[in-house]
Amino acid sequence: MKYKNPSLSTAERVRDLLSHMTVEEKLAQMGAQWLILDPAGEHQERELELSSEHVERSVKDKLQHGLGQISRPLGTHTVDAVNGVKALNQLQHYLVEETRLGIPALAHEECLVGLMVKGGTLYPSSLNYGHTWNPTLVEEAAKDIGRQARMVGAKQGLAPVLDVSRDVRWGRTEETLGEDPYLVGVMASHYVKGLQGEHRDLFATLKHFVGHSASEGARNHAPVNIGFKELNDTFLLPFEMAVKWANAGSVMPAYHDIDGEPCHASHFLLTEILREQWGFDGLVVADYGGIDLLSSHHSVAQNSASAAALAFNAGLDIELPDDACSTKLAEALRNDWITMEKIDEIVGRILSKKFEMGLFEHPYTDIPQSPLHNQESQNIAYQVASESIVLLKNHNQTLPLKASQKVALIGATADDQLALLGGYSFPVHLIFSQEDSTDKVSKTLLEAFQERFEHVMYAKGCDILTERHANAPVFPGDVDLAVEQTAQSPISRDLSQIEAAVATAAENDVAVVCVGDLAGLFQTGTVGEGSDCDSLALPGVQQQMLDAVLDTGKPVIVLVTGGRPYNLGRAEEEASAIVLGWAPGQAGADAIADTFVGKNNPSGKLTLSIPKNVGAVPYFYNHKLKSAGTPIAYHFGSSFNFGHGLSYTEFAYSDFKVNKDQFAVDDTVELSMTLTNTGHVAGAEVVQLYTRDVVSSVVRPVKELKGFMKVFLDAGESKTLTFQLPVDMLNLTNRDHQRVVEGGEFELMLGASSKDIHFRHRIEVLGHVHVLPQAWRMMCEVKVE
């Protein structure tokens, strides 16, 4: 058959293969299977079924017509890479040799914080990526994650997350890169480039398209109620950057609805914007169970067949993680809810990608001859963790500590390896996947501190959760349980361990109090997907423990780890130092301990503003003037703003220059300055460029990040930075849904954070209104000399 001839063009091969396919074989390409694979071919069905209309079929029945994708062949259960690849190859062998047309399946895995399989590197969380402000480093991490994914046969990775944080109570805050759309776009685009590589033989998947983080009350799956201007300028921008600049291979719609229209059924988002306006040429894959939710939750479809027709007509290509709805398209065809032409268009896209990836010529994966995780992986993970640590406060240079100081290490997260991991890391996901594991996967903070200090005393102080084990959660949420309000919180309220913590603090020179949260999906933890919160107070009795240690009068350093910022009460004033480590991964304990002894100079900067209290949320630096009301209440806003972060050294900003004061729309604004390390140790500073539209046709934010550069300097060293800001980037979305640049005045600001501005200058953009072309200039380049 012609489609088996690799010398023919992809278009010719697709046409030929489509001509041989039955309807059932076409529909099989539009779905996936989520199986527990076996090297001997004894593949098993998973117990979890996401459809509301479950129909029993044997594994053989599910595979007889072929298969579009195989969902998480290694990440679903505990299997080593060698046996996992053997099992995947066995499945491919069946599809290639025993189905009529021999079409191989495309395998996908989760890979947000490292490849989510046994033995994969446990990288820091997305929040850590963002807080490095180092796109090159994130690209390096993604490149290593891509290497590991290719080793296990994955052709698609379900990452990165481009949701722009808006309310830190949202459980998935830990998966975001921060609250600024440009920063998210830059960092995510570099992740995409690193993961996909030069040949795009592994697809990154942009998620969750779009606005997922702007949900009502920061609740998972909740509706999003914003207009298109806000959607385009804040939430669509990172996706547009990753599609146009990084050539992302796949996009995943979000679970929620926007103004009543579910994203999985939005022709406007999935076709008009994504494909027609942006030129996206990849695959749109459903979030797990997302098609069925159109019927079971959103009630915009009467059954799975009509839900599938809605989604695939809107622009979806493949259902994940199974084919619960896509198989019902035969019914949709009979009812004229979808046409054969549309199905051929979709299947043609799917087959094109399989041909382009070389799957037909190379359906099998080489058995791994080396471990997934290696020393380079460890080094990169350590560097990401190190550069993401934010020194929030350091009164009288409390940090770094001397190795000879007697340290009391206190807190529920101090001796818990899982406290350093994000929700989409493999060991944490096992809790959700009904498996308990006691494997050693990471050094704890206690172990790392004991290696660096001569004297360390440990006291737990309190528990965060009373239980944490398999079978605790349900997916994607037990509606009956929620309606009945019968769920009991596992958060501990036990105060009995605080007395011992106080005694431990009293016996030592300094108390390092480790507080924060535990990642876990659907309330197996206190942060993560489905683990939203109603407060910014530390979970459980951690604040009482912290206050009791403060009462000892000993110097207190607060170390916060986890997936969102918290209010620390009186500790924000009384603590000697505050350090944010986020979820730093398997190298995180070493990175944090090295920071405490001065081996690592902290260089992380906040990508999330920390609201003063829960009543101030949602709070983000790039708000509209009236966001806090008028007059602005003293208890609103943020004590620690976007871009803030201290160092063990100091930096001076000088010699500011702007190339001119008036600019045409096709011009580039050039700002230059000199940065000098005026301290006594080497360090890194993140120089940030912000703009403000002085007068606009629509209400604009008080400040917007438009460029940044992390600069490493030895003590006494100076470097010159030149920001090249295209005037295109001074755009807004008008009432006609167009990106435009309006003539008028703009204020430029250079500084160390969104609040700490060192230089301001006004420029004028000439002309009236200019509609930007499809290929508008969206990146601010920075040269360092």
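Bear in mind that the values here come from a model prediction, so they are computed numbers and not experimental data.

What to know about the overall build of the protein
And then number 1: Helices and strands together make up the secondary structure of the protein, namely 21 helices and 29 strands.
And then number 2: A compact globule built from 785 residues would reach a C-alpha radius of gyration of about 28 Å, and the protein, at 26 Å, matches this within 12%.
And then number 3: Across its three principal axes, the protein shows a C-alpha extent of roughly 75 × 65 × 50 Å.
And then number 4: When burial is assessed residue by residue, the protein has 64% of its 785 residues classed as buried.
And then number 5: In the protein, the proportion of contacts linking residues at least 24 apart, taken out of those at least 6 apart, comes to 79%.

What about the side chain of Gln543?
And then number 1: The residue Gln543 is located in helix 19 (residues 542–550) in this model.
And then number 2: Those residues in contact with Gln543, other than ones at most four positions away along the chain, are Leu538, Asn567, Leu568, Gly569 and Arg570.

Thoughts on the sheet that holds strand 8 (residues 250–253)
And then number 1: Strands sit in the order 1-4-5-6-7-8-11 across an open sheet of 7 strands; the sheet is parallel. At either end of the open sheet lies a strand with only one pairing partner, and these are strand 1 (32–33) and strand 11 (283–284).
And then number 2: Sheet topology places strand 5 (residues 106–109) next to strand 6 (residues 156–157); 2 bridges connect them, and they run parallel. By the bridge assignment for strand 6, His108 is matched with Gln156.

Considerations on the UniProt feature "domain: Fibronectin type III-like" (unreviewed entry) in the protein
And then number 1: Under the feature "domain: Fibronectin type III-like" (unreviewed entry), the UniProt entry names residues 685–754.
And then number 2: In residues 685–754, helix accounts for 0% and strand for 61%; the two terminal C-alpha atoms are 14 Å from one another.

Observations regarding the layout of surface pockets
And then number 1: Approximately 560 Å³ is the volume attributed to the second largest pocket.
And then number 2: Taken together, 21 residues form the lining of the second largest pocket, with Leu646, Ser647, Thr649, Glu650 and Phe651 sitting closest to its centre.
And then number 3: Looking at side-chain class alone, the lining of the second largest pocket contains 7 nonpolar, 10 polar and 4 charged residues.

Digging into the pairing of strand 12 (residues 390–394)
And then number 1: Taking burial as the measure, the 5 residues of strand 12 include 5 buried ones, the bulk of the element.
And then number 2: Pairing of strand 12 with strand 17 (residues 577–582), which is carried by 4 bridges, proceeds in the antiparallel orientation. Paired with Lys393 across the strands is Ile578, a residue of strand 17.

Quick notes on helix 6 (residues 135–151)
And then number 1: Between its terminal C-alpha atoms helix 6 stretches 24 Å, which fits the 24 Å expected from 17 residues at 1.5 Å a residue.
And then number 2: Those residues of helix 6 that sit buried are Pro135, Leu137, Val138, Ala141, Ala142, Asp144, Ile145, Gly146, Gln148, Ala149 and Met151.
And then number 3: Next to the buried residues of helix 6 lie helix 4 (81–98), helix 5 (126–132), helix 7 (181–196), helix 14 (375–388) and strand 24 (704–713).
And then number 4: Downstream of helix 6 by a residue or two, Gly153 has a phi angle that is positive, lying close to 90°.

Observations regarding the pairing of strand 27 (residues 739–751)
And then number 1: In terms of residue burial, strand 27 counts as a mostly covered element, since 10 of its 13 residues are buried.
And then number 2: When strand 26 (residues 732–733) meets strand 27, the two strands line up antiparallel, connected through 2 bridges. In the strand pairing of strand 27, Thr733 is matched with Arg739.
And then number 3: The antiparallel hairpin formed by strand 26 and strand 27 contains 5 residues in its connecting segment, where His737 sits at a positive phi of about 65°.

Remarks on the environment of Ala307
And then number 1: As for its placement among the helices and strands, Ala307 is situated in helix 11 (residues 304–314).
And then number 2: Overall, the relative accessible area of 0% leaves Ala307 in the buried class.
And then number 3: Linking Ala307 and Gly102, residues 205 residues apart in sequence, is a C-alpha distance of 29 Å.
And then number 4: Setting aside its immediate chain neighbours within four residues, Ala307 contacts Ile291, Leu294, Ser295 and Ala301.

As for the state of the cysteines
And then number 1: Within the structure shown, the criterion is met by 0 disulfides.
And then number 2: Here Cys325 is not disulfide-linked; the sulfur of Cys263 is the nearest cysteine sulfur, at 17 Å.
And then number 3: The class for Cys325 is buried, based on a relative accessible area of 0%.
And then number 4: Between Cys533, a free cysteine, and Cys462, which holds the nearest cysteine sulfur, the sulfur-to-sulfur gap is 17 Å.

Comments concerning the packing of aromatic side chains
And then number 1: Tallied over the full model, the rule gives 15 aromatic pairs.
And then number 2: An angle of 35° between the planes, with centres 6.2 Å apart, marks the rings of Tyr129 and Tyr191 as tilted. Here Tyr129 is found in helix 5, whereas its partner Tyr191 is found in helix 7, with 62 residues between them in sequence.
And then number 3: The exposure class assigned to Tyr191 is buried, which follows from its relative accessible area of 1%.
And then number 4: Ring geometry for Phe209 versus Phe239: centroids 5.1 Å apart, planes at 70°, classification edge-to-face. Of this pair, Phe209 sits in strand 7 (residues 203–209) while Phe239 sits in helix 8 (residues 228–244), and the two are 30 residues apart along the sequence.

Observations regarding the packing of helix 8 against helix 9 (residues 267–277)
And then number 1: With their axes 12 Å apart at the nearest point, helix 8 and helix 9 run at an angle of 55° to one another. Between helix 8 and helix 9, the interaxial angle falls into the category oblique. Handedness of the crossing formed by helix 8 with helix 9: right-handed. Taken together, the residues of helix 9 that come into contact with helix 8 (itself represented by Phe228, Leu231, Leu236 and Val243) are Phe268, Leu269, Ile273 and Leu274.
And then number 2: Taken together, the residues that form the contact of helix 8 with helix 9 break down as 8 nonpolar, no polar and no charged.

Definitions and cut-offs
Residues numbered from 1 in each chain as written. Predicted model: local features only at pLDDT ≥ 70, side-chain atom pairs only at ≥ 80, totals over all residues. Heavy atoms only, no water. Helix = DSSP H or I, 4+ residues; strand = E, 2+ residues; numbered from the N terminus. Rg over C-alpha atoms; globule rule 2.2 N^0.38 Å. Buried < 20%, exposed > 50% of the residue type's maximum accessible area, 1.4 Å probe, protein only. Contact = heavy atoms within 4.5 Å. Pairing = 2+ DSSP bridges. UniProt positions renumbered as here; feature names shortened; annotations may be inferred. 1 Å grid on protein atoms, 1.4 Å probe; cavity = no way out; pocket = protein on both sides within 12 Å on 5 of 7 lines; lining within 4 Å. Points joined across faces, edges and corners; volume = space filled by probe spheres on them. Nonpolar A, V, L, I, M, F, W, Y, C, P; charged D, E, K, R; others polar. Expected span 1.5 Å × (residues − 1). Disulfide = S-S within 2.5 Å. Phe/Tyr/Trp six-rings, centres within 6.5 Å; stacked < 30°, edge-to-face > 60°. Axes fitted to C-alpha atoms, helices over the stretch in contact; angles between N-to-C directions. Parallel < 35°, antiparallel > 145°, perpendicular 65-115°, else oblique. Left-handed = near helix turned anticlockwise from the far one by under 90°.

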